[in-house]
Amino acid sequence: TGTFDPKVIYDQYNARFVIVTLEQTTSPSNTSRILVAVSQTSDPNAGWYFTSINSAITIGTLSFADYPGLAVSSTGIYVTANMFSFSAGSFTGGRLWVIDKTPFYTGGAASVIVRDHITLGSGYSTTYLPAQMFGTAQAGVGTFLVAYSGLSAGGIEYVHVIRVSNSLTAPTFTGALVSLTDIDNTAGSYLDAPQSGTSTLINTNDRRTQNAVWRNNALWTSFTVVPNSGSNAGQVTAHWLKINTTTLTSLVVSDQGDIGGEDIAAGTYTFFPSIAVNSVGDAIIGFSASAPTIFPGAYYAGR
């Protein structure tokens, strides 16, 4: 039947493409599936291996998976999802599925475990996305799960990071709040973006984390904020963040910033950011942008 929310990434450890998409039906019965495919080689036209994961889980009530996050490490595939009740469509929690790459990548049956990362990681009822891993992480670290979505207290915003360790066998979850200072007017309105030639606005969705990357003892992520001051005040604005993970028990921000877009046009909104990082620490942030005098477009900025 119809599938939704597809995502594709490249697994640089094994030179494969990995795809996830979701399926959810209510007739003839309530079903929820996570559909995963991996290319048999680095050529996506040379065949695929497939697996289907039953993601209909009782969390107080029978719930389905929505809005998947997708990432890989050297050993596993990580899929996160928000869970919603079939009956009322209300949020019931989150889940993390870990797929062992060893049998799956050779056409064998996929070995999968599922865990409640929010509860086990002392997290929040919001969207967590797994970090795409590059290189060799610290001993035992599988990936990091990252969430923002406007976490704030006392005028200070926070990112919540859950470290997933020993993820293929007996995963453990360690949560940490990372202070970002006052970067976002979370008490104000979150607005849709203007565009040229019409009063119809463009949906910028919300503040949730868009993606995350770990490389060379740094965890990078991107999301949107509404700055309190400066040229971007009151405008939805892409924000990027770099967290130093050298000391796993003391995560601290080492760099962050807005992608304002005022050099594109006055009053530019920047939204739906993504981030990619190379081996020497250069970052590229991709984003959408729109303003009263320009049509929507796709842009990127380098750091």
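Counting of residues starts from 1 at the beginning of each chain's written sequence and follows it residue by residue. Whole-chain, interface and lining totals are the exception, using all residues; otherwise, since this is a predicted model, local features are given only for residues with pLDDT of at least 70 and side-chain atom pairs are given and counted only at 80 or more. Only hydrogens and water are removed before side-chain values are computed, so all heavy atoms of the structure are retained for them.

**Student:** For this particular structure, what's the right way to read the layout of surface pockets?
**Tutor:** With a probe scaled to a water molecule rolled over the atoms, the places where space remains empty come into view. Put simply, the largest pocket is a space of about 330 Å³. A 1.4 Å probe that fits but cannot get out identifies a cavity on a 1 Å grid over protein atoms alone, an open set with protein on both sides within 12 Å along at least five of seven lines counts as a pocket, and a residue lines either if it has an atom within 4 Å of a point. The wall of the largest pocket is formed by 18 residues, among which I9, L70, Q210, N211 and A212 lie closest to the centre. Helix numbering and strand numbering both begin at the N terminus, where a helix is a DSSP run of H or I of at least 4 residues and a strand a DSSP run of E of at least 2. Broken down by secondary-structure element, the contributors of at least two residues to the lining of the largest pocket are β1 (3-11), β6 (61-72), β10 (129-130), β18 (211-215) and β22 (269-277). Ranked by residues supplied to the lining of the largest pocket, first place goes to β22 with five residues. In the lining of the largest pocket, the residues fall into 13 nonpolar, four polar and one charged. Grid points are joined across faces, edges and corners, and a volume is the space filled by probe spheres set on the points. Each residue gets one label: Ala, Val, Leu, Ile, Met, Phe, Trp, Tyr, Cys and Pro are nonpolar, Asp, Glu, Lys and Arg are charged, and the others, such as Gly, are polar.

**Student:** Help me understand the packing of aromatic side chains, please; the structure alone is not making it clear to me.
**Tutor:** When we look at a pair of aromatic rings, we describe it by the centre distance and by the angle of the planes. Only rings of Phe, Tyr and Trp enter the pairing, Trp through its six-membered ring, and a pair is recorded when the two centres are within 6.5 Å. The plane angle decides the type: under 30 degrees is stacked, over 60 is edge-to-face, the rest tilted. Tallied over the entire structure, the rule returns nine aromatic pairs. Considering the side-chain rings of Y10 and F17, the 4.9 Å spacing of their centres and the 65° angle between planes classify their relative orientation as edge-to-face. The buried label goes to any residue with under 20% of its type's maximum accessible area, the exposed label to any with over 50%, and the partly exposed label to all in between, with areas taken from a 1.4 Å probe on protein chains only. A relative accessible area of 25% places F17 in the partly exposed class. Aromatic ring contacts, followed pair by pair, group F64, F84, F86 and F91 into a single cluster. One Lys or Arg, K7, reaches over the ring of Y67 and ends 5.0 Å from the middle of that ring. Two thresholds decide whether a charge sits over a ring: the Lys NZ or Arg CZ must be within 6 Å of the ring centre and within 35 degrees of the ring normal.

**Student:** Just to check I follow, could you spell out the pairing of β22 for this structure?
**Tutor:** A regular strand places its side chains on the two faces of the sheet in alternate fashion. In this sheet, strand β23 (residues 283-291) lies alongside β22 in antiparallel orientation, the contact comprising seven bridges. Bridge pairing in β23 places F271 opposite S288. Paired strands, as defined in this entry, are two strands with at least two bridges between them according to DSSP.

**Student:** What am I meant to see in the sheet that holds strand β4 (residues 48-54) here?
**Tutor:** The pairing of strands in a sheet happens through backbone hydrogen bonds and is either parallel or antiparallel. Taken in spatial order, the four strands line up as β1-β2-β3-β4 in an open sheet, and their pairing is antiparallel. Since the sheet does not close on itself, it has two edges, and those belong to β1 and β4, each with one partner. Here the strands of the sheet are splayed against their neighbours by 15° on average, with no regard to which way each runs. As defined by bridge partners, strand β2 (residues 16-25) adjoins strand β3 (residues 31-39) across eight bridges and the pair is classed as antiparallel. Opposite E23, over in β3, you have R33 as the bridge partner. Axis angles are defined between N-to-C directions and span 0 to 180 degrees, where every axis is a line fitted to C-alpha atoms and, for a helix, only to the segment in contact.

**Student:** How should I be thinking about the side chain of T237 in this particular structure?
**Tutor:** Residue position: T237 is located in strand β20 (residues 237-244). Within polar-contact distance, the side chain of T237 engages the backbone oxygen of Q235 at 2.9 Å. Pairs of N or O atoms within 3.5 Å make up the polar contacts considered here, provided that, within protein, one atom can donate a hydrogen while the other can accept it, and that residues adjacent in sequence are counted only when both atoms are side-chain atoms.

**Student:** I'm lost on the nonpolar core in this one. Help?
**Tutor:** The tendency in soluble globular proteins is for nonpolar side chains to be buried side by side. Grouped together as the largest cluster of nonpolar side chains are 21 residues, with contacts concentrated most on V18, I34, V36, I77 and W97. Elements with a minimum of two residues in this core: β2, β3, β5 (57-59), β6, β7 (76-85) and β8 (91-100). Per-element tally for this core: the top contributor is β7, with four residues. The contact definition used throughout considers only heavy atoms, calling two residues in contact when any of these lie within 4.5 Å. When residues no more than four places from it in sequence are discounted, the contact partners of I77 are V18, L70, A71, V72, W97, V98, I99, K101, F104 and Y105. Among buried residues, the Ala, Val, Leu, Ile, Met, Phe, Trp, Tyr and Cys ones that are joined through side-chain atoms within 4.5 Å form a nonpolar core. Counting residues in each nonpolar core, the second largest holds 19 residues, with F144, W214, L219 and I243 among its members.

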